[in-house]
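Report on the structure
This is what each chain is made of:
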Amino acid sequence: QVRLVESGGGLVQPGGSLRLSCAASGIYVYNIYNMGWYRQAPGKGRELVASITRRGTTEYADSAKGRFTISRDNAKGTMYLQINSLNPEDTAVYYCTADIYTEGSYWGQGTQVTVSS
C-alpha cells in the first residue's frame, strides 16, 4: 500500500524557518516521478507551492520564490521543503503529492504549519 507521510510542521515565530519532509513507503522508490508540495490556508483553496521532477528540475509558485527550497532524495523516496523567513501568511496545512508510475497520484495526510508570535 502506497503511503506518503509528511513531518516537520509546527508552530514557529515570524522570521523563523522550518524543514518539511515527505516520506514514501509501500512503493519501489524509483517509480516515483514528479513530486510536489501544496498548501491550504484556512478558508482558502489548495495551492501548489513547489514541484520537483525525478531529475531535480524545480518549479515554484510566485509566493514561494526566494524563501522556499524543494529537494528530494530519490534513493530514499523522500522529499523536502525548506521554508525560510516564515510569515503569518504561510500558515497552512502542507501536503505532499507524488506521481507514481502505473499507480497514479498520491497525497499525504498533511502537516500543519502555524506562524505566529
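The paragraphs below set out a description of the structure included in this document.

Structural notes on the pattern of salt bridges
Under the counting rule described, the total for this entry stands at four salt bridges. Residue D62 pairs with K65 through a salt bridge whose shortest N-O separation is 3.1 Å. The burial state of D62 is the same as that of K65; both residues are exposed. Each of the salt bridges in this network shares a partner with another, and the network as a whole consists of R39, E47, R67 and D90.

Quick look at the nonpolar core
By size, the foremost hydrophobic cluster in this structure holds 30 residues, and its most contacted members are I32, W37, V49, M79, L81 and Y94. Elements with a contribution of two residues or more to this core: β3 (18–25), β4 (32–40), β5 (46–52), β7 (68–73), β8 (78–83), β9 (92–100) and β11 (111–115). Among the elements that line this core, the one with the most residues is β9, at five residues. Among residues more than four places away in sequence, those in contact with Y94 are E6, L20, W37, Y38, R39, V49, F68, L81, I83, G110, T111 and V113.

A word on the environment of S17
Its place among the elements puts S17 in the loop between β2 (10–12) and β3. S17 gets classed as partly exposed once you look at its relative accessible area, which sits at 40%. C-alpha of S17 to C-alpha of N87: the two residues are 70 residues apart in sequence and 9.7 Å apart in space. Beyond its immediate sequence surroundings of up to four residues, S17 is in contact with V12, Q82, I83, N84, S85 and L86.

What about the pairing of β7?
Each regular strand carries side chains that alternate between the two faces of the sheet. Burial of β7 is one-sided: the residues F68, I70 and R72 facing one way are buried, the residues T69, S71 and D73 facing the other way are not. One ladder, built from six bridges, connects β7 with β8; its direction is antiparallel. Residue pairing for β8: D73 is matched across the bridge by T78. Hairpin connection from β7 to β8: four residues lie between these consecutive antiparallel strands, with G77 at a positive phi of about 70 degrees.

Some thoughts on the state of the cysteines
Across all of its chains, the model carries one disulfide by this definition. In this model C22 forms its disulfide with C96; the gap between the sulfur atoms is 2.1 Å. Here C22 and C96 share a disulfide; its torsion about the S-S bond, 55 degrees, makes the bridge right-handed. You can see C22 sitting in strand β3 and its partner C96 sitting in strand β9, a full 74 residues away along the chain. Given a relative accessible area of 0%, C96 falls into the buried group.

Reading the values: the criteria
Along each chain, residue indices are assigned from 1 in the same order as the chain's sequence is written. The predicted origin of the model limits local features to residues at a pLDDT of at least 70 and limits the giving and counting of side-chain atom pairs to 80 or more, whereas totals for whole chains, interfaces and linings rest on all residues. As a rule here, side-chain values come from all non-hydrogen atoms in the structure, and water together with hydrogens is ignored. Each salt bridge in this description consists of a side-chain nitrogen of Lys or Arg and a carboxyl oxygen of Asp or Glu lying within 4 Å of one another. Three labels apply to residues, based on accessible area from a 1.4 Å probe with only protein chains included: buried if under 20% of the type maximum, exposed if over 50%, partly exposed otherwise in between. For our purposes a nonpolar core is just a set of buried Ala, Val, Leu, Ile, Met, Phe, Trp, Tyr and Cys residues, chained together by side-chain atoms within 4.5 Å. Only DSSP runs of H or I reaching four residues or more are called helices, and only runs of E reaching two or more are called strands; each is numbered from the N terminus. Contact definition: two residues touch when any of their heavy atoms are within 4.5 Å. For two strands to be treated as a pair, DSSP must find no fewer than two bridges joining them. Cysteine sulfurs are considered disulfide-paired once they come within 2.5 Å of each other.

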